[in-house]
Structures are given as C-alpha cells and as structure tokens.
Amino acid sequence: GENVEQHPSTLSVQEGDSAVIKCTYSDSASNYFPWYKQELGKRPQLIIDIRSNVGEKKDQRIAVTLNKTAKHFSLHITETQPEDSAVYFCATNAGGTSYGKLTFGQGTILTVHP
Amino acid sequence: SAVISQKPSRDICQRGTSLTIQCQVDSQVTMMFWYRQQPGQSLTLIATANQGSEATYESGFVIDKFPISRPNLTFSTLTVSNMSPEDSSIYLCSVLGDDTDTQYFGPGTRLTVL
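Below you will find a few notes about this structure. (Residues numbered from 1 in each chain as written. Chains lettered and ligands numbered in written order. Predicted model: local features only at pLDDT ≥ 70, side-chain atom pairs only at ≥ 80, totals over all residues. Heavy atoms only, no water.)

A word on the interface of chain B and chain A
Moving on, step 1. Facing 21 residues of chain B, the contacting portion of chain A comprises 17 residues.
Moving on, step 2. For the pair chain B and chain A, the summed buried area comes to about 1,400 Å², and 54% of that belongs to carbon and sulfur atoms.
Moving on, step 3. Remark: the boundary between chain B and chain A carries one salt bridge.
Moving on, step 4. With a shortest N-O distance of 3.6 Å, K101(A) and E58(B) are connected by a salt bridge.
Moving on, step 5. There are six residue pairs in polar contact (both at pLDDT 80 or more) connecting chain B and chain A.
Moving on, step 6. At the level of secondary structure, the elements contributing two or more residues to the side of chain B that touches chain A comprise β4 (31-37), β5 (43-49), β9 (89-96) and β10 (103-105) of chain B.
Moving on, step 7. The leading source of residues in the side of chain B that touches chain A is β4(B), at four residues.
Moving on, step 8. Here the side of chain B that touches chain A is composed, by residue class, of ten nonpolar, eight polar and three charged. (Contact = heavy atoms within 4.5 Å. Buried area = accessible area lost by both parts, 1.4 Å probe. Salt bridge = Lys/Arg side-chain N within 4 Å of Asp/Glu carboxyl O. Polar contact = N/O pair within 3.5 Å; in protein donor to acceptor, adjacent residues only side chain to side chain. Helix = DSSP H or I, 4+ residues; strand = E, 2+ residues; numbered from the N terminus. Nonpolar A, V, L, I, M, F, W, Y, C, P; charged D, E, K, R; others polar.)

This is the structure we're talking about:
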C-alpha cells in the first residue's frame, strides 16, 4: 500500500520565521495532496491542497509545492504566528482513487514562539 | 462546506462491550468515510461507508469488528465491537463534498476503553 513519510516530526520556530514540512510518498498513481492542520482537541482542518497537474499553489502565507518525479511535496508557511502552532498532517490518495481515501503522514508538531 | 456532527462526542466503555457512533451531515453526500486516530498518532482510514451496499474496509479492518451502516446520503454509523483497551482512539467520520472534492472531518468521538 501507499507509504507517506513526513519530516520533521517536531519543528520549533520564532514568530516571523518560515516553516517547511516535507512529505514523500511511494505510489506514483497518487494525484491529490492535501495538508491538514489539527489544533489540540479539535478536528483536522484542510488548509491547502494541490492536484498533480500543478507544481505549486499559494494561499496567503501558505504554499505547497509538488515534485511528482521525485514523489515529494512540501508545505511552506511564511511569517509564522503563534496561532500557527498545531500538528500538521500531509496526505495523499493511494492509487489515485477517491480524494476521500487518504493515507496520512505521521504529523509534524509545529511550535511558534512569540 | 458540509456541517458534520457526531454522537457521542466521548465515551468511556468497559472491555467486551460495543459502542455505536453516529455521523450526521447537513447535506446529501455521496462519499462518507470513517477514520481512526490513536492517541498522539496520525489518522488511519477504516472504511468507506457506501449507501445501499456493504462498506469497503481497508487492510487491517474487518466488518465483524467495525460494522458500518449507511442508510441514506446524510447519515452513517460505526460500531466498535467487543472493545479492548487497544480500541481507545478518536473515531472521525468524514465526507467528500460532491461539488468541491474537498474532504471535511466531523468533530470526532473520543473513546476510552477500560
């Protein structure tokens, strides 16, 4: 089955710095790559996603890049704020199946220090 | 975006018993899913809840342990049967927006098995 590796497992930055989280996947048929943010005790919330026909997508301070050849994709958060502190999960749809059948990475605990 | 509710929000159960979790969506959706998030871990897909037919289970999950119902396009249940402490997790339902292809998660049910 699909294998999604996420790094780093923890990331600590100063407010205003950038944060980068990387994921690699194994199934070349995967074609959907969402990122979720989960605050403590809350449900995962989609923050950005990218489909395999584009290489980069940006939404204000958040961007995602995709390299299908190398099978990796990354989340970039610029000008980090304390409210960005949360667990971030990457995911992908193994076999290029439904966008709801996701395999998740292990998660990255992001801490932004004021 | 779809509004999803789950009942119960949390429960503490004795080993050997069963618990049924309900998931209600405020609009009709074709695709509904059930995920598990073990303490401090990532999310794992349990099954796809199919309306009008048997659920489709992922590797490692079986119908006898996690029976699922999907009587209509707005409702689904997941039963955790013959529970053991290893079943202690957060169980989340999710839906895929028919027009957006975006996945939304319910608030989750936090289950503790003693």
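Here the narrative resumes.
Observations regarding the sheet that holds strand β8 (residues 72-77) of chain A
Residue and element names in this part refer to chain A.
Moving on, step 1. The five strands lie next to each other as β1-β3-β8-β7-β6, forming an open sheet whose pairing is antiparallel. Each end of this open sheet is capped by a strand with a single partner; those strands are β1 (4-7) and β6 (56-59). Across this sheet, the average inter-strand angle for adjacent strands is 15°, counted without regard to direction. (Pairing = 2+ DSSP bridges. Axes fitted to C-alpha atoms, helices over the stretch in contact; angles between N-to-C directions.)

Some details on the nonpolar core
Moving on, step 1. With 26 residues, the main nonpolar core has W34(B), I46(B), F66(B), I68(B), L78(B), Y91(B) and L111(B) as its most contacted residues.
Moving on, step 2. Listing elements by their share of this core, those giving two or more residues are β3 (19-25), β4, β5, β8 (75-80), β9 and β11 (109-113) of chain B.
Moving on, step 3. Once residues lying within four places of it in the same chain are set aside, the contact partners of Y91(B) are Q6(B), I21(B), Y35(B), R36(B), I46(B), F66(B), L78(B), V80(B), G108(B), T109(B) and L111(B).
Moving on, step 4. Y25(A), F33(A), I62(A) and V64(A) belong to the second largest nonpolar core, which has 23 residues in total. (Core = buried A, V, L, I, M, F, W, Y, C linked by side-chain atoms within 4.5 Å. Buried < 20%, exposed > 50% of the residue type's maximum accessible area, 1.4 Å probe, protein only.)

Quick notes on the state of the cysteines
Moving on, step 1. All told, the structure shown has two disulfides over all chains when counted by the stated rule.
Moving on, step 2. The disulfide partner of C23(A) is C90(A), and the S-S distance across this bridge is 1.9 Å. Measuring the twist about the S-S bond at about -95°, one finds the C23(A)-C90(A) disulfide to be left-handed. Of this pair, C23(A) sits in strand β3 (residues 19-25) while C90(A) is found in strand β9 (residues 86-92), placing the two residues 67 residues apart along the sequence.
Moving on, step 3. Between the sulfur atoms of C23(B) and its disulfide partner C93(B) the distance amounts to 2.0 Å. Between C23(B) and C93(B), the disulfide has an S-S torsion of 65° and is therefore right-handed. Residue C23(B) is found in strand β3, and its partner C93(B) is found in strand β9; the two are separated by 70 residues along the sequence.
Moving on, step 4. Its relative accessible area of 0% is what places C23(B) among the buried residues. (Disulfide = S-S within 2.5 Å.)

Some thoughts on the pattern of salt bridges
Residue and element names in this part refer to chain A.
Moving on, step 1. Across all of its chains, the model carries seven salt bridges over all chains by this definition.
Moving on, step 2. Ionic pairing is found between E39 and K37, a salt bridge with its closest N-O pair at 3.5 Å.
Moving on, step 3. By relative accessible area, E39 is classed as partly exposed at 32%.
Moving on, step 4. Accessibility expressed as a relative area gives 16% for K37, which makes it buried.

Concerning the environment of R110(B)
Moving on, step 1. Topologically, R110(B) is positioned in strand β11.
Moving on, step 2. Relative accessible area serves as the criterion here: at 35%, R110(B) is assigned to the partly exposed category.
Moving on, step 3. A C-alpha to C-alpha distance of 9.7 Å links R110(B) and P39(B), two positions 71 residues apart in sequence.
Moving on, step 4. Here R110(B) is in contact with G41(A), S9(B), R10(B), D11(B), S89(B) and I90(B), once residues within four sequence places are set aside.

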